[in-house]
Amino acid sequence: MDREEAELPFDRRFRLALRRHRAPISVTVLAVGFLLTILALGAFSPLANSAPFNTINRSTDTAQANYNLVFVIVGPILIILGGYLSGSYFAARRRFDHLMVTKSKAEFLRNIPELEDLLWDLTPEDQIRYDDKLAQLRLRR
């Protein structure tokens, strides 16, 4: 963490970190959602009698609480959330890379509104790439 970033308030640093690590976070949310859904399916299907699910179910179905019921609710929600986050990030990444390839100043000028919209879904490094491209084409924004 550089000195300028260390002086920022915690909430600002947290949002910057979330934006910087958007792809790994979205893929992790999706993977955790799949894991919880698989555990829920293993608890409430005939798979409950198989070796790995039998052991896991003994740990998650305790006398105080049945965590398998939580997995049934939270798992699909995380799959939907992670799928949306991952899909929107990778679609924006693909479109941004496609629009940044242009060598034509006129075509780049036509695409500036879309590029700036896409930057909301991308990382700060992409903002730097965009600013470098503006400087390369001698454009002011």
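What comes next is a walk through the structure. Just so you know, these numbers come straight off a predicted model, no measurement behind them. Residue numbers run consecutively from 1 along every chain, following the written order of its sequence. Only residues with pLDDT of at least 70 get local features here, since the model is predicted, and only at 80 or more are side-chain atom pairs given and counted; chain-wide, interface and lining totals rely on the full set of residues. Processing note: side-chain calculations cover all non-hydrogen atoms of the structure and skip hydrogens and water entirely.

Only DSSP runs of H or I with at least four residues qualify as helices, and only runs of E with at least two residues qualify as strands; both kinds are numbered from the N terminus onward. The number of helices and strands found in the protein chain is 7 helices and 0 strands. If you list the helices and strands of the protein chain from N to C, you get α-α-α-α-α-α-α. Within these notes, the globule rule equals 2.2 Å times the number of residues to the 0.38 power, and the radius of gyration is based on C-alpha atoms. Whereas a compact globule of 141 residues would reach a radius of gyration of roughly 14 Å, the protein chain reaches 22 Å, over 25% beyond that. For the protein chain, the spread of C-alpha atoms along the principal axes amounts to about 65 × 35 × 20 Å. Buried residues are those whose accessible area, probed at 1.4 Å on protein chains only, stays under 20% of the maximum for their type, while exposed residues exceed 50% and partly exposed ones sit between those limits. Burial status across the protein chain gives 30% buried among its 141 residues. Whether two residues are in contact is decided by their heavy atoms, any of which lying within 4.5 Å being enough. A separation threshold of at least 6 residues defines the contact pool for the protein chain, and within that pool the share at least 24 residues apart is 63%. Per element, the accessible surface of the protein chain, about 9700 Å² overall, is 63% carbon and sulfur. Of the charged side chains in the protein chain, 19 are positive and 16 negative; the average position of the first set lies 4 Å away from that of the second. Shrake-Rupley sampling with a 1.4 Å probe provides the accessible areas, and residues are treated as covered by the protein chains on show and by no other component. Counted as positive: Lys and Arg. Counted as negative: Asp and Glu. His and the chain ends are not counted at all. Charge placement uses NZ in Lys and CZ in Arg. For Asp and Glu, CG and CD serve respectively.

On to the packing of aromatic side chains. Stacked, edge-to-face and tilted labels apply to pairs of Phe, Tyr and Trp rings (six-membered ring for Trp) whose centres lie within 6.5 Å, assigned for plane angles under 30 degrees, over 60, and everything in between, in that order. Scanning all chains against the criterion turns up 3 aromatic pairs. Each ring, one from phenylalanine 10 and one from phenylalanine 14, has its centre 6.1 Å from the other, and the planes form 20 degrees; the classification is stacked. Remark: phenylalanine 14 and phenylalanine 10 occur in helix α2 (residues 10-20); sequence separation between them is 4 residues, near one turn of the helix. Residue classification places phenylalanine 10 among the exposed residues on the basis of a relative accessible area of 60%. By relative accessible area, which is 45% here, phenylalanine 14 ends up partly exposed.

Here the focus is the pattern of salt bridges. When a carboxyl oxygen of Asp or Glu is within 4 Å of a side-chain nitrogen of Lys or Arg, the pair counts as a salt bridge. A full pass over the atoms with the stated rule returns 7 salt bridges. Residues arginine 93 and aspartate 97 are paired through a salt bridge, measuring 3.7 Å at the closest nitrogen-oxygen approach. Here the residue arginine 93 and the residue aspartate 97 both occupy positions in helix α5 (residues 67-100), the gap between them amounting to 4 residues, near one helical turn. In this structure aspartate 97 comes out as partly exposed when scored by relative accessible area, which is 28%. Among the salt bridges present, the one from aspartate 126 reaches arginine 93, with a minimum N-O distance of 2.6 Å. Of the two residues, aspartate 126 is situated in helix α7 (residues 124-136) and arginine 93 in helix α5; the sequence distance between them amounts to 33 residues. By relative accessible area, which is 3% here, aspartate 126 ends up buried. Overall, arginine 93 belongs to the buried group, its relative accessible area being 18%. Connected via shared salt-bridge partners are Arg93, Asp97, Asp126 and Arg129.

Let us look at the packing of α5 against α7. Between N-to-C directions, angles span 0 to 180 degrees; the directions come from axes that are lines fitted to C-alpha atoms, helices contributing only their stretch in contact. Where α5 meets α7, the axes come as close as 12 Å, and the angle between the chain directions of the two elements is 15 degrees. In terms of orientation, α5 lies roughly parallel with respect to α7. The two elements α5 and α7 meet at a crossing, and its hand is left-handed. Along the contact surface, α5 presents Arg93, Phe96, Asp97 and Met100, while α7 presents Asp126, Arg129, Tyr130 and Lys133. Side-chain classes follow a simple rule in which Ala, Val, Leu, Ile, Met, Phe, Trp, Tyr, Cys and Pro form the nonpolar group, Asp, Glu, Lys and Arg form the charged group, and the remainder, Gly included, forms the polar group. Grouping the constituent residues of the contact of α5 with α7 by class yields 3 nonpolar, no polar and 5 charged. When describing relative orientation, an angle under 35 degrees is termed roughly parallel and one over 145 degrees roughly antiparallel, while 65 to 115 degrees is termed roughly perpendicular and anything else oblique. Working rule for handedness: look at the near helix, and if it is turned counterclockwise from the far one by less than a right angle, call the crossing left-handed; if clockwise, right-handed.

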